[in-house]
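# Working through the structure, step by step
Read off the chains here:
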Amino acid sequence: MYFLIISGMSGAGKSRAVATLEDLGYYCVDNLPIALIPRFAEICMAATERYERVALVTDVRAGGDFQQLFDSLDSIKTMGCDYRILFLDTDTPTLIRRYKETRRKHPLMDRGVSITAAIEKERAVLAALRNRADFIVDTTGLSTAGLRERLIALFTGTEGGGVFEVIVQSFGFKYGIPPESDLVFDVRFLPNPYYEMSLREKNGTDPDVRDYVFQGGTADALMGHLTSMIDFLLPRYMAEGKSNVIIGIGCTGGKHRSVAIAEALGAHLRGHDYGVITMHRDYQR
């Protein structure tokens, strides 16, 4: 049996994560009292055919006593129940905008408390849980479809020591570095198709853009060094018990150079025994 604990900032996308995980076959429970987690685990383990994969949502609504949560998780681990923690994060300006758009009240907004203060208080309360997380997904720049794609990449085939997942994600530095990245590479020194009018509206998945980026041999030399380094690192990450690695490839806008290099790196890694997902955060902006 595999338990996934879902937590994170209010407004970061937990309800959308639950919808995706339900589509992946998880039995999802929102806001189960922490004290009931061990008993719930016992029930699920007694009916394994129905509850092979379970996702539990817990956040500041639990009252902030996360030591009790850690004790409950230690308890279910002694039962032989494996678990992982998924933490969804988002920067404060994005959370403020989301709350203003939906006109919802933050759960920590008491009388006289601003939404900014409530968000920062929540961030402090959840810090210990975030530090314990196995997976951290920052949804600041992710669309609903992007979040779904990220979760499918993380939780399809990885339970219980399955295939090691490598996520190669292109991005634009002008929109910020994806904070969940384990490794980040800057490819802004490569030829930029943006300045070719015939290529500007295309992206790095287009053969013409790829050929432009790889002209002159610099990109080929980069790929030689990059693939050598990644091939060296990934087995060592696996030996340390990581279940996935997220590699960020960045250029200025995340549309041309980073996309082409991410595609090339993804193609290289698919020749190995990894589960490889190639994603492009900003190429449609």
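Predicted model, so just to flag it, every value in this text is computed and none were measured.

## Some words on helix α5 (residues 115-125)
- Every buried residue of α5 is listed here: Ile115, Ala118, Ile119 and Glu122. Viewed along the axis of α5, the buried residues span an arc of 100°, placing them on a single side of the element.
- Its buried side turned inward, α5 meets β1 (2-8) and α4 (92-102).

## Concerning helix α3 (residues 66-78)
- Between its first and last C-alpha atoms α3 spans 18 Å; for 13 residues at 1.5 Å apiece the expected length is 18 Å, and the two agree.
- Those residues of α3 that sit buried are Phe66, Leu69, Phe70, Ser72, Leu73 and Ile76. Seen end-on, α3 carries its buried residues on one side only, within an arc spanning 160°.
- Residues of α3 that are buried in the fold lie against β1, α2 (37-46), β4 (82-89), α5 and α6 (127-132).
- Gly80 sits one or two positions beyond α3 and adopts a positive phi of about 90°.

## Let's talk about the layout of surface pockets
- Space inside the largest pocket adds up to approximately 490 Å³.
- Contributing to the lining of the largest pocket are 20 residues, with Gly11, Ala12, Gly13, Ser15 and Arg104 lying nearest its centre.
- Looking at the lining of the largest pocket, the elements with two or more residues in it are α1 (14-23), α4 and α7 (144-155).
- The element best represented in the lining of the largest pocket is α4, accounting for four residues.
- Across the lining of the largest pocket, the residue classes break down as five nonpolar, eight polar and seven charged.

## Some details on the sheet that holds strand β8 (residues 244-251)
- Spatial ordering of the open sheet is given by β7-β8-β6-β9, a layout of four strands whose pairing is parallel. Each edge of the open sheet is held by one strand with a lone partner, namely β7 (183-186) and β9 (275-280). On average, each strand axis in the sheet is inclined to that of its neighbour by 15°, with strand direction left out of account.

## Some words on the environment of Asp138
- Note that Asp138 resides in strand β5 (residues 135-138).
- On the basis of relative accessible area, Asp138 is assigned to the buried category, the value being 12%.
- Along the primary structure Asp138 and Phe173 are separated by 35 residues, whereas in three dimensions their C-alpha atoms are 15 Å apart.
- Ignoring anything within four residues of it in the chain, the contact list for Asp138 reads Asp89, Thr90, Pro179 and Glu180.
- Among the polar contacts listed, one links the side chain of Asp138 to the side chain of Thr140, at a separation of 2.6 Å.

Scoring rules and cut-offs
- Along each chain, numbering runs from 1 in the same order as the chain's sequence is written.
- The predicted nature of this model means local features are confined to residues of pLDDT at least 70 and side-chain atom pairs, given and counted, to a pLDDT of 80 or more, with totals for whole chains, interfaces and linings taken over all residues.
- Just so you know, side-chain values use all the structure's heavy atoms and leave hydrogens and water out.
- The buried label applies to any residue whose accessible area, calculated with a 1.4 Å probe on protein chains only, is under 20% of its type's maximum; exposed applies above 50%, and partly exposed to all values in between.
- Only DSSP runs of H or I reaching four residues or more are called helices, and only runs of E reaching two or more are called strands; each is numbered from the N terminus.
- The directions from the helix axis to the C-beta atoms form the arc being described.
- A contact between two residues is defined here by any heavy atoms of the two lying within 4.5 Å.
- To estimate how far a helix should reach, multiply one less than its number of residues by 1.5 Å.
- Both cavities and pockets are sets of points on a 1 Å grid over the protein atoms alone; in a cavity a 1.4 Å probe fits but cannot get out, in a pocket the set is open with protein on both sides within 12 Å along at least five of seven lines, and lining residues sit with an atom within 4 Å of a point.
- Grid points are joined across faces, edges and corners, and a volume is the space filled by probe spheres set on the points.
- Polarity classes work like this: nonpolar for Ala, Val, Leu, Ile, Met, Phe, Trp, Tyr, Cys and Pro, charged for Asp, Glu, Lys and Arg, and polar for all others, with Gly in that last group.
- Two strands make a pair as long as DSSP finds a minimum of two bridges between them.
- What counts as an axis is a line fitted to C-alpha atoms, over the stretch in contact for a helix, and the angles between N-to-C directions run from 0 to 180 degrees.
- Any pair of nitrogen or oxygen atoms within 3.5 Å is treated as a polar contact; in protein, a donor-acceptor pairing is required on top of that, and neighbouring residues in sequence qualify only through side-chain atoms on both sides.

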